[in-house]
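Listed below are the residues making up each chain.
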Amino acid sequence: MPYFPEDFIFGVATASYQIEGAWNEDGKGESIWDRFAHTPGNIQDGTTGDVACDHYHRFEEDVALLKELGVDAYRFSISWPRIFPEGRGRVNEKGLDFYRSLTGKLQEAGIKPVVTLYHWDLPQKLQDKGGWESQETVEAFAEYARFLFQSFAKEVFLWITHNEPWVVSFVGHYEGRHAPGKRDFKSALQVSRNLLLSHGLAVQAFREEKTLGSIGITLNLTPVHPFSDSEEDILAAKRCDGYFNRWFLDPLFKGEFPEDMLLWYEKKGFALPQLSEEEKSLIAQPIDFLGINYYFRRVVGKGEGAIFEVEFFNPPQSEYTDMGWEIYPEGLYEIVKRVSEEYQPEDIYITENGIALPDQPDSKGRINDQKRIDYLRSHLLALHRAVDEGCPVSGYFVWSLMDNFEWGFGLSKRFGLVYVDYTTLQRIKKASFYWYQKVVKSKRVD
Ligand SMILES: OC[C@H]1NNC[C@@H](O)[C@@H]1O
Ligand SMILES: [Ca+2]
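Residues numbered from 1 in each chain as written. Chains lettered and ligands numbered in written order. Predicted model: local features only at pLDDT ≥ 70, side-chain atom pairs only at ≥ 80, totals over all residues. Heavy atoms only, no water.

(A) Representation of the pairing of strand β11 (residues 393-399) in the model. Taking burial as the measure, the seven residues of β11 include six buried ones, the bulk of the element. Both strand β1 (residues 9-13) and β11 contribute to a ladder of five bridges, which runs parallel. Residue F10 lies in a different strand from β11, and its bridge partner there is Y396. Across four bridges, strand β10 (residues 348-353) lies against β11 in parallel orientation. By the bridge assignment for β11, I350 is matched with Y396. Taken together, β10, helix α14 (residues 370-388) and β11 constitute a β-α-β crossover, and its handedness is right-handed. (Buried < 20%, exposed > 50% of the residue type's maximum accessible area, 1.4 Å probe, protein only. Helix = DSSP H or I, 4+ residues; strand = E, 2+ residues; numbered from the N terminus. Pairing = 2+ DSSP bridges. Right-handed = clockwise from strand over helix to strand, strands pointing away.)

(B) Looking closely at the nonpolar core. Residues Y265, L383 and Y436 are the most contacted members of the largest nonpolar core, which totals 154 residues. Among the elements that line this core, the one with the most residues is helix α9 (residues 185-208), at eleven residues. (Core = buried A, V, L, I, M, F, W, Y, C linked by side-chain atoms within 4.5 Å.)

(C) Expanded view of the packing of α9 against helix α10 (residues 231-254). Two numbers describe how α9 lies on α10: the axes approach to 11 Å, and their chain directions differ by 35 degrees. For the pair α9 and α10, the sense of crossing is right-handed. In this structure, α9 contributes F185, L189, S192, L196 and H199 to the contact, and α10 contributes Y243, W247, F248, P251 and L252. Of the residues belonging to the contact of α9 with α10, the class tally is eight nonpolar, two polar and no charged. (Axes fitted to C-alpha atoms, helices over the stretch in contact; angles between N-to-C directions. Left-handed = near helix turned anticlockwise from the far one by under 90°. Contact = heavy atoms within 4.5 Å. Nonpolar A, V, L, I, M, F, W, Y, C, P; charged D, E, K, R; others polar.)

(D) Up close: the site of ligand 1. Surrounding ligand 1, one finds Q18, H119, W120, N163, E164, Y295, W325, E352, W399, E406, W407 and F415. Residue Q18 places a side-chain N or O atom 2.7 Å away from an oxygen atom belonging to ligand 1. Take Y295: an N or O atom from its side chain is 3.5 Å from a nitrogen atom of ligand 1. Summarising the interface, the protein chains cover 96% of the accessible area of ligand 1, which totals 280 Å² for the free molecule. The residue makeup of the shell around ligand 1, split by class, is six nonpolar, three polar and three charged. (Near = heavy atom within 4 Å. Polar contact = N/O pair within 3.5 Å; in protein donor to acceptor, adjacent residues only side chain to side chain. Areas by Shrake-Rupley, 256 points an atom, 1.4 Å probe, with all protein chains shown as cover.)

(E) Spotlight on the side chain of S169. As for its placement among the helices and strands, S169 is situated in helix α8 (residues 165-175). A polar contact of 2.7 Å, which involves the side chain of S169, links it to the backbone oxygen of P165. Look past the residues within four positions of S169 in its chain and what remains in contact with it is Y174, A188, V191, S192, L195 and F248.

On their own, these measurements won't tell you what the molecule is for.
Now the structure itself:
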């Protein structure tokens, strides 16, 4: 019966654009996700985050749910355009007040706030000036971060500079499925460099402001397995590991972009992102923890494709989620072990893990999401193995507290421990809510 350490942190996670709604209320500026979701054709089910879970008006009810769940910590993100409607300069006091009220309610409930500075909702005014491709956004982010460190100098347990810079760079600027919807690999490379620089400047500001708490960054990491043990499949898997994982892990912990990927991109004719020695040290300065978001692994082999020459496989014997992601609990153990051994982070938090299911209330209004319980249990057992083997993991956050706006899929994908009826905005606790409540209370997974 695996027990987690007594001081192990159990939590849940959300993000501003996905739950808050009130997209243009109380002085909030437009974000690139407001713009992207308002552009017809971008969101699969045609919904937007205009209202989402209406958390902006219902946060007290949602903190009460967190208190009932009994979590040690709650991860949320701050909406940059709620604080600086134009990205920098004028502060929107009402926006700041909302997060003061939220952290105040969390404090009252004995729940540690975990704040993500950037979870994708860039002020549109900055995008109009080049967005993450531009140095201006890098500087504006450093100012935004410093302002928040000063405004919440003592309340926050963990500060996360960026959520999933790989997604921001490559899904937002190469695949085009996320805001700002660009399809330009060179832009994506430039964006990944600027996100890393902005992370470095934020960490520097955090140290200078002597802010309490810890600071880190969250990466979505996926183990990559070759489809066969052929040389070309193994090389394809190595390329994907570089693209998905090492492209950010190496600069953050080794101060360099991975050489094999730079050579590959150069061979493909892309101008490479340049880093001076000073910029390399800025990016690789020590952080207090690494956040890992884990959902699935990837199985790849040699294939066609313009840039990576890979083909993805879905093992037929596996089960898949509502997102079409393979359920592979071992991958959480694998990635924690690999990162601990190869990159030696001071500390690790699993800042997201969860599953989308087609949840619907039954005739009695209950949601028996047994598949989510099985998913969370199997991943917690895999995580426990890594902890048992000495990996420095201090916490685990379920994605998500409640169903919310799942980016390009809109409101159609449900990840919550709590169901949201989007017509009434009623919250309904699923069976997994009660299961996780017991895990949090007992620190045990049975
Ligand atoms: O796709 C599920 C989650 N993945 N990580 C980032 C979150 O914003 C997503 O909802
Ligand atoms: Ca600290």
